[in-house]
Amino acid sequence: MKVLTEFEAVIQCKCPRCRQGDIFPGKMYGFHLQRTNEYCSSCNLRFEREPGYYYVAMFVSYAMNVAEIITVGVGAYILGLELKYENLWSFVAVILGVVFLLSPFNYRYSRVILMHWLTPGLRYVPGSGKSENAEPEVKK
Ligand SMILES: [Zn+2]
């Protein structure tokens, strides 16, 4: 099995330790509740490191939301929505719509960013995944 780079593992929401197991079950978008797997299916890492661990992801999500709101607001302005008081609710509607559509994305990637980049001591350990262990190491 090909070993993912750190960036690929983040994009594909893979376990930060083995880069093989999925952090989330199912697809990002759909009519189901968002859940996070409790353990990595490959290296058995417990994703929720300690009680309240995911509260930190809330701050990451907040930062992502602020960036998205600014981007969408500026984007709407560039695309022709004038900065007038009469347009206030148009801006609010556009921004809330985009934030609502991006909420599953924010849910997932805030946790992935937390696990991959903001947790001290949680690093990629080569060979910690199941399929890597199954393959015998070739000596040169
Ligand atoms: Zn893992």
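Parameters at a glance
- Residues numbered from 1 in each chain as written.
- Predicted model: local features only at pLDDT ≥ 70, side-chain atom pairs only at ≥ 80, totals over all residues.
- Helix = DSSP H or I, 4+ residues; strand = E, 2+ residues; numbered from the N terminus.
- Buried ≥ 20, exposed ≤ 12 C-beta atoms within 10 Å, placed from the backbone.
- Axes fitted to C-alpha atoms, helices over the stretch in contact; angles between N-to-C directions.
- Left-handed = near helix turned anticlockwise from the far one by under 90°.
- Contact = placed C-beta atoms within 7 Å.
- Nonpolar A, V, L, I, M, F, W, Y, C, P; charged D, E, K, R; others polar.

Draft legend 1. Summary view of unusual backbone geometry. At cysteine 13, a residue that is not glycine, the phi angle is positive and equals roughly 55°. Mapped onto the secondary structure, cysteine 13 falls in the loop between α1 (6–11) and α2 (55–78). Of note, asparagine 44 is a non-glycine position whose phi angle comes to about 65°, a positive value. You can see asparagine 44 is positioned in the loop between α1 and α2. In this structure asparagine 44 comes out as partly exposed when scored by C-beta crowding, with 14 C-beta atoms within 10 Å.

Draft legend 2. Fine view of the packing of α2 against helix α3 (residues 88–117). In the contact formed by α2 and α3, the axes pass within 8 Å of each other and the chain directions differ by 145°. Note on packing geometry: the crossing formed by α2 with α3 is right-handed. The segment α2 lies against α3, with Val56, Ala57, Val60, Ser61, Met64, Asn65, Glu68, Ile69, Val72, Gly73 and Ala76 engaging Phe91, Val94, Ile95, Val98, Val99, Leu102, Asn106, Tyr109, Ser110, Arg111, Ile113 and Leu114. When the residues that make up the contact of α2 with α3 are grouped by side-chain class, the tally is 16 nonpolar, five polar and two charged.

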